[in-house]
Amino acid sequence: MVDRIMPEPFRIKMVEPVRVPDGAQREKALEIGHYNMFGLRSEDIYIDLLTDSGTGAMSKQQWAALMRGDEAYAGADSFFALKNAVKDVLGFDHVIPTHQGRAAENVVFGTLAKKGDIIPFNMPFDTTRAHIFNVGAEPVDCIIDEAFKPEVRHPFKGNVDVAKLERAIAEYGRERIPLIMVTVTNNSGGGQPVSLENLRAVSGVAKKHGIPLFLDAARMAENAWFIKMREEACRDMSLAAILRACMDTADAITCSAKKDPLVNIGGMICCRTEALYQALLPRVILFEGFATYGGLAGRDLEALAQGLREMTDEQYMAHRVAQVNYLGDLLEEGGVPFVKPAGGHAIFIDAAAFLPHMPQTAYPADVLAIEIYREGAIRGIGLGALAFAIEDEKTGKLILPKLELYRLAINRRTYTNSHMEYVAESIVNVYKRREKIRYGLKVEYAPPVKGLHHFLAHLKPYTL
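Source: prediction; values computed, not measured.

Draft legend 1. View of the overall build of the protein chain. The number of helices and strands found in the protein chain is 16 helices and 16 strands. Computed over C-alpha atoms, the radius of gyration of the protein chain comes to 21 Å, within 12% of the 23 Å expected from 2.2 N^0.38 for 464 residues, which places it in the range of a compact globule. Projected onto its principal axes, the C-alpha coordinates of the protein chain cover approximately 60 × 55 × 45 Å. By residue count, 58% of the 464 residues in the protein chain fall in the buried class. Counting only contacts in the protein chain whose residues sit at least 6 apart along the sequence, the fraction spanning at least 24 positions is 73%.

Draft legend 2. Summary view of the packing of helix H14 (residues 364–376) against helix H16 (residues 417–432). Here H14 crosses H16 at 115 degrees, and the two axes come no closer than 9 Å. Between H14 and H16 lies a crossing of right-handed hand. Here H14 contributes Leu 368, Glu 371, Ile 372, Glu 375 and Gly 376 to the contact with H16, which in turn contributes Tyr 422, Ser 426, Ile 427, Asn 429 and Val 430. Among the residues making up the contact of H14 with H16, the classes are represented as five nonpolar, three polar and two charged.

Draft legend 3. Representation of the sheet that holds strand E11 (residues 381–383) in the model. The strand order E9-E14-E11 describes an open sheet built from three strands, whose pairing is antiparallel. Across the chains shown, the open sheet's two edge strands, defined by having one partner strand only, are strand E9 (346–350) and E11. Recorded for the sheet is a direction-independent mean angle of 35 degrees between the axes of neighbouring strands. As paired elements, E9 and strand E14 (residues 405–409) share five bridges and run antiparallel to each other. If you follow Ala 346 over to E14, its bridge partner there is Ala 409.

Draft legend 4. The sheet that holds strand E5 (residues 180–183), seen in detail. Reading across from one edge, E2-E8-E7-E6-E5 is the order of the five strands in this open sheet, with mixed pairing throughout. Here the strands that pair on one side only, and so sit at the sheet edges, are strand E2 (94–98) and E5. Averaged over all pairs of adjacent strands, the angle between strand axes in this sheet comes to 15 degrees, irrespective of strand direction. Two elements, strand E6 (residues 213–216) and strand E7 (residues 252–256), share three bridges in a ladder whose sense is parallel. What sits directly across from Asp 216, in E7, is Thr 254.

Draft legend 5. Expanded view of the environment of Leu 239. Secondary-structure assignment places Leu 239 in helix H9 (residues 239–247). The exposure class of Leu 239 is buried, given its relative accessible area of 0%. C-alpha of Leu 239 to C-alpha of Leu 196: the two residues are 43 residues apart in sequence and 12 Å apart in space. Residues contacting Leu 239, with those up to four places away along its chain left out, are Ala 221, Ala 224, Trp 225, Lys 228, Met 311, Thr 312, Asp 313, Glu 314 and Met 317.

Draft legend 6. Main features of the state of the cysteines. Taken as a whole, this structure holds zero disulfides when the rule is applied. No disulfide involves Cys 255; its sulfur sits 7.0 Å from the nearest other cysteine sulfur, which is in Cys 270. For Cys 255, a relative accessible area of 1% translates into the label buried.

Draft legend 7. Expanded view of the environment of Tyr 373. One can find Tyr 373 in helix H14. Sequence-wise, Tyr 373 and Leu 456 are 83 residues apart; in three dimensions their C-alpha atoms are separated by 18 Å.

Draft legend 8. Structural detail: helix H4 (residues 101–112). Between the first and last C-alpha of H4 there are 17 Å, a value that for twelve residues agrees with the 16 Å anticipated at 1.5 Å per step. Looking at H4, one finds that the buried residues are Gly 101, Ala 103, Ala 104, Glu 105, Asn 106, Val 107, Val 108 and Phe 109.

Draft legend 9. Highlighting helix H10 (residues 274–287). Here H10 spans 20 Å end to end across 14 residues, near enough to the 20 Å set by a 1.5 Å rise per residue. Maximum bend of H10: about 30 degrees, positioned at Leu 281, with proline Pro 282 one to four residues after it. All buried positions along H10 are accounted for by Leu 276, Tyr 277, Leu 280, Leu 281 and Val 284. Where H10 is buried, its residues meet E2, H4, E6, E7 and strand E8 (267–271).

Parameters and conventions
- Residues numbered from 1 in each chain as written.
- Predicted model: local features only at pLDDT ≥ 70, side-chain atom pairs only at ≥ 80, totals over all residues.
- Heavy atoms only, no water.
- Helix = DSSP H or I, 4+ residues; strand = E, 2+ residues; numbered from the N terminus.
- Rg over C-alpha atoms; globule rule 2.2 N^0.38 Å.
- Buried < 20%, exposed > 50% of the residue type's maximum accessible area, 1.4 Å probe, protein only.
- Contact = heavy atoms within 4.5 Å.
- Axes fitted to C-alpha atoms, helices over the stretch in contact; angles between N-to-C directions.
- Left-handed = near helix turned anticlockwise from the far one by under 90°.
- Nonpolar A, V, L, I, M, F, W, Y, C, P; charged D, E, K, R; others polar.
- Pairing = 2+ DSSP bridges.
- Disulfide = S-S within 2.5 Å.
- Expected span 1.5 Å × (residues − 1).
- Bend = angle between axes of the 7 residues up to and from the residue.

And the structure:
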């Protein structure tokens, strides 16, 4: 029997009514949406776990901060509120606001990378890969082998394999590597954390070779919490101190503020040196807006500044991670295979193990998304072959990813523990009838954008 979870460390002040569409309505929604979870309307969903990006609930302090927004085009007071929060919480002297995380990626890779370059990673997520592909560069995974074994419990499955990193630098050459990037937590591999020890080791390699180290830090506070829970040397440190120590390993970060910083829109680039800051600014102004607002309203900057300070609240974070773990425990009790241990922001079901009779080319993760929606009007997202398979430009052969995952991303401060129980019950029901799922999916239409076609793909079921 799963242990009872700690209650929510908040009380509900406002509610948003939602409905549960019936079976016929769900089928119609799937048809209209071309069997792609991105094609469904919000009104057709009961519990929406498509993403944790921008879907959380802001605090009363953040709502109050909105009223302080200074909407000046240049030099707004709200920018300096953000700049001070970044300095206090993360330790960076320079901050560039952007409208969201992928905009920060556009600025960084569009400025620093070029055709033929190589970007070593632990594992990049979809939009990160797409921005690298867009400038003609290539990402190279240097993650530990345990990341590809969903059933293996390893405390830091997001860690970079330092030996692989050194080999990549030796193979491709320093001159082809404009930066190294580590994603914390590692979303593509199941929301798995990176240890502080590993970040320091990677930082040492980067410094030795004179290569800037960037963090994709959208879920940096969750990563720091796992370090506090799992890294013996950090047990007595505060969450805020661990987060700062992680940031101290990097030269710069990109960040979707729609995750850990607890806002519904926003992103940023933070860096240490004036030289890097000035190098990035022209592209910010070209694509985002002036340097002190970067596509955001002043009120958004104020809410972000407040969110950065709130994300290191230990009572909040303890519940946040425990709620995700609670869902994992309920699924494990029902026999459902997922990436272990549970991630910080999501449960990643192992779709290949859930539907072992289905070939990866039939997109089992996305079939699973359809079946879970049919069962409970719950929306998650497939992160497998549809999202990550790429065509080898030399041979034309399809290169399939090593993991075929279905993600349930838990919105921050949004759903209750009873919602998690409903989600688990629905998925266990699908698991019990898994052998009867005898269809795959084929792509009828997808835009010719390398790395991002899954967002807009039109899918059609076919009988296996």
